[in-house]
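Residue-level structural notes
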Amino acid sequence: MTVGIDLDLSTVRALFDAEIEHGLQSGVQLSMSYRGEVVDIAAGDNGAGAAMTMATTVPWTCSSKPLGAIAFAAAWEAGTIDLDTPVVEVLPEFTGGGKELVRVRDLLTHTTGIPEPMMSVDPSGANVTSWADIDALIWAAICAARTTTLPGAAMIYNPVTNWFVLDRVLNTLGGGSSGDSYRALFDQLGLSATLGADWALPAEQRVTVVAAPDQQSGLEAMQLASALPLPGVGVWGSTRDLRVVGEVLLNRGAHNGGSVIGRASVEALTATHWPGTPYRSVVDTDFAYGLGVMTQPLVLGRRCSARSYGHAGGNTSTLLVDPLFDLVVAVYWNGRLNDVKTVARRYALVRALYTDLGIQRLPVTNGPAAAQEWEGER
């Protein structure tokens with residue numbers, strides 16, 4: 001059977017238009033490469049009345065986490081650190097409350113056993129006048145945190161803390177300052193992205209993030225974290241730049257004729273190191289994970305191959321890499337939804353995109369129950 005390929009992505013465009021019309025988001029920005037062909041889509045507005053364009057700056061939030069994984073891989077290859085290096089060996093202050101057992105591997109897989117300390121930070125009484133003060137406040141809260149489960153034994157997804165500590169480890173070893181593990185990669189990859197929001201940009205050149213009525217508290221937390229120069233959550237840029245990050249992984253570490261990291265490192269990062277919940281349902285606190293990337297179709301979209309990986313962030317963005325089909329997708333929806341609706345929106349995009357690209361549904365081999373579930377997804 002011959003299946004046509006629609007690189008104009010007419011089904012995707014119709015989906016975006018319908019979602020905008022129904023108020024799920026004010027606008028969308030998408031950048032895709034498929035077999036080397038790049039397609040960009042910008043639709044709707046930026047949340048402040050200006051048109052969404054491919055130059056509009058958007059928050060990547062946790063979709064930026066693969067950058068930290070790549071930075072780790074470079075240090076790993078250089079021999080300065082190992083997956084099983086105890087964090088306390090590099091950062092002596094990271095001690096007490098069971099943290100001595102936390103390894104670098106646990107940071108990268110969100111299995112430190114530490115609930116997100118940032119959720120309980122009380123800045124009242126603190127003298128905070130600069131980023132250095134904020135950095136010190138965050139580090140003090142992390143050093144005071146205690147493990148609640150044995151490190152390596154359970155996933156507790158931490159949007160801020162694990163990548164903050166990872167960046168501190170890498171910069172201690174490499175002689176950099178806070179955030180430099182990310183900034184160095186921006187330069188190496190030729191990205192225009194910034195760590196922390198650039199408020200000097202005119203309002204029409206960046207998004208004003210909007211959210212559904214039931215997501216206002218989540219929006220406030222997202223806006224605070226993404227505005228700060230925090231590795232793993234605070235990157236702002238275009239989805240074109242985010243697509244480039246995915247292409248580095250798809251191309252096994254190669255970029256512009258050089259090598260950012262080696263092929264074996266990419267395989268290590270993108271393999272599943274944490275299996276996630278055993279139940280065939282989406283659990284936003286326990287899902288299949290590699291080293292800094294989400295893995296497997298359950299989180300990313302059921303039309304994806306078993307080799308797919310990437311990351312989602314802020315209930316607004318997704319980076320998806322599907323090596324089986326030579327596909328990289330970076331998308332930002334300017335409309336924060338709850339977890340269930342966010343997954344449904346991502347699934348809908350993947351269905352529409354794979355349909356436009358003529359990618360046929362893959363066979364399901366996990367038994368009758370899985371087949372019925374897949375049939376319902378279709």
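Note that the coordinates shown come from a computational prediction; the quantities given were computed from them, not determined experimentally.

Procedures and definitions
- Residues numbered from 1 in each chain as written.
- Predicted model: local features only at pLDDT ≥ 70, side-chain atom pairs only at ≥ 80, totals over all residues.
- Heavy atoms only, no water.
- Core = buried A, V, L, I, M, F, W, Y, C linked by side-chain atoms within 4.5 Å.
- Buried < 20%, exposed > 50% of the residue type's maximum accessible area, 1.4 Å probe, protein only.
- Helix = DSSP H or I, 4+ residues; strand = E, 2+ residues; numbered from the N terminus.
- Contact = heavy atoms within 4.5 Å.
- Salt bridge = Lys/Arg side-chain N within 4 Å of Asp/Glu carboxyl O.
- Pairing = 2+ DSSP bridges.
- Expected span 1.5 Å × (residues − 1).
- Polar contact = N/O pair within 3.5 Å; in protein donor to acceptor, adjacent residues only side chain to side chain.
- Axes fitted to C-alpha atoms, helices over the stretch in contact; angles between N-to-C directions.
- Parallel < 35°, antiparallel > 145°, perpendicular 65-115°, else oblique.
- Left-handed = near helix turned anticlockwise from the far one by under 90°.
- Nonpolar A, V, L, I, M, F, W, Y, C, P; charged D, E, K, R; others polar.
- Phe/Tyr/Trp six-rings, centres within 6.5 Å; stacked < 30°, edge-to-face > 60°.
- pLDDT = per-residue confidence, 0-100.

Let us look at the nonpolar core. Trp60, Phe94, Leu108 and Val165 are the most contacted members of the largest nonpolar core, which has 79 residues in total. Counting residues per element, this core draws most heavily on helix H2 (residues 65-78), which supplies 7 residues. Setting aside anything within four residues of it in sequence, one finds Val165 in contact with Val87, Leu91, Phe94, Leu107, Trp139 and Ile142.

On inspection of all chains with the given rule, the structure shows 8 salt bridges. Two residues, Arg13 and Asp8, come together in a salt bridge whose shortest N-O distance is 3.8 Å. Take Arg13: its relative accessible area is 30%, and that puts it in the partly exposed class. Residues joined in a network through salt bridges with shared partners are Asp84, Arg103, Arg105 and Asp106.

Strand order across the open sheet formed by 3 strands is S3-S5-S4, with antiparallel pairing between neighbours. In this open sheet, the two edge strands, each paired with only one partner strand, are strand S3 (58-59) and strand S4 (194-195). Pairing of S3 with strand S5 (residues 235-237), which is carried by 2 bridges, proceeds in the antiparallel orientation. Counted as the bridge partner of Pro59 is Trp236 from S5.

Next up on the list: the pairing of strand S11 (residues 327-333). With 7 of its 7 residues buried, S11 lies for the most part within the structure. Here S11 shows a buried face lined by Leu327, Val329, Val331 and Trp333 and a second buried face lined by Val328, Ala330 and Tyr332. Pairing geometry for strand S1 (residues 27-34) and S11, over 7 bridges, is antiparallel. When the bridges of S11 are listed, Gln29 appears paired with Tyr332. Direction of pairing for strand S10 (residues 317-322) relative to S11: antiparallel, over a ladder of 6 bridges. Bridge pairing links Val321 to Val328 in S11. Connecting the antiparallel pair S10 and S11 is a turn made up of 4 residues, with Asp326 showing a positive phi of about 55°.

A word on helix H12 (residues 339-356). For H12, which comprises 18 residues, the first-to-last C-alpha distance of 26 Å matches the rise-based estimate of 26 Å (1.5 Å per residue) to within 8%. Taken as a whole, H12 has its buried residues at Thr342, Val343, Arg345, Arg346, Tyr347, Ala348, Leu349, Val350, Ala352, Leu353, Tyr354 and Asp356. Between the side-chain oxygen of the N-cap and the backbone nitrogen of Val340 there are 3.2 Å, and the N-cap of H12 in question is Asn338.

What the 6 strands build is an open sheet, ordered S2-S1-S11-S10-S9-S8; its pairing is antiparallel. Where the open sheet ends on each side, the last strands, each with one partner, are strand S2 (37-44) and strand S8 (294-295). Those strands touched by H12 are S1, strand S9 (309-313), S10 and S11, and its axis lies near 135° from that of S11.

In this section: the environment of Tyr182. Counting through the fold element by element, Tyr182 comes out in helix H7 (residues 180-189). With 47 residues separating them along the chain, Tyr182 and Asp135 place their C-alpha atoms 16 Å apart. Ignoring sequence-local partners within four residues, the contact set of Tyr182 consists of Ser64, Lys65, Leu67, Gly68, Trp163, Asp167, Leu195, Pro231, Gly232 and Val235. Here Ser64 takes part through its backbone oxygen, which lies 2.8 Å from a polar atom of the side chain of Tyr182.

Between two packed helices, both the angle of their axes relative to each other and the distance between the axes serve to describe the pair. Where H2 contacts helix H6 (residues 161-174), the axes come no closer than 11 Å and their chain directions differ by 30°. One finds that H2 runs roughly parallel with respect to H6. The crossing of H2 and H6 is left-handed. Seen from H2, the contacting residues are Lys65, Gly68, Ala69, Ala71, Phe72 and Ala75; seen from H6, they are Trp163, Leu166 and Leu170. Across the contact of H2 with H6, the residue classes tally to 7 nonpolar, 1 polar and 1 charged.

This brings us to the packing of aromatic side chains. Under the definition given, this model contains 8 aromatic pairs. Centre to centre, the rings of Phe94 and Trp139 are 6.5 Å apart; their planes meet at 15°, and the pair counts as stacked. On the criterion of sequence distance, the pair formed by Phe94 in the loop between helix H3 (87-90) and helix H4 (104-109) and Trp139 in helix H5 (residues 131-144) is long-range, its members being 45 residues apart. On the basis of relative accessibility, which here comes to 8%, the residue Trp139 falls in the buried class. Here Tyr182 and Phe186 contribute two aromatic rings whose centre-to-centre distance is 6.4 Å and whose plane-to-plane angle is 85°, an arrangement assigned as edge-to-face.

This brings us to the confidence of the model for the protein chain. Here the protein chain averages 91 in pLDDT, and 92% of its residues register 70 or above. Overall, residues 367-378 carries pLDDT values under 50, and its contacts beyond four positions in sequence, including any with other chains, amount to 14 contacts.

The subject of this paragraph is unusual backbone geometry. Its identity as a non-glycine residue notwithstanding, Leu9 has a phi of 55°, on the positive side. With respect to the helices and strands, the residue Leu9 is situated in the segment before helix H1 (10-21). Leu9 gets classed as buried once you look at its relative accessible area, which sits at 0%. The backbone of His110 shows a phi angle near 60°, a positive value even though the residue is not glycine. Within the secondary structure layout, His110 lies in the loop between H4 and H5.

Once that is clear, we can look at the packing of H2 against H7. Here H2 crosses H7 at 90°, and the two axes come no closer than 9 Å. On the basis of their axis angle, the class for H2 and H7 is roughly perpendicular. Here Lys65, Leu67, Gly68, Ile70 and Ala71 of H2 lie close against H7, whose contacting residues are Ser181, Tyr182, Leu185, Phe186 and Leu189. Class assignment for the residues of the contact of H2 with H7 results in 7 nonpolar, 2 polar and 1 charged.

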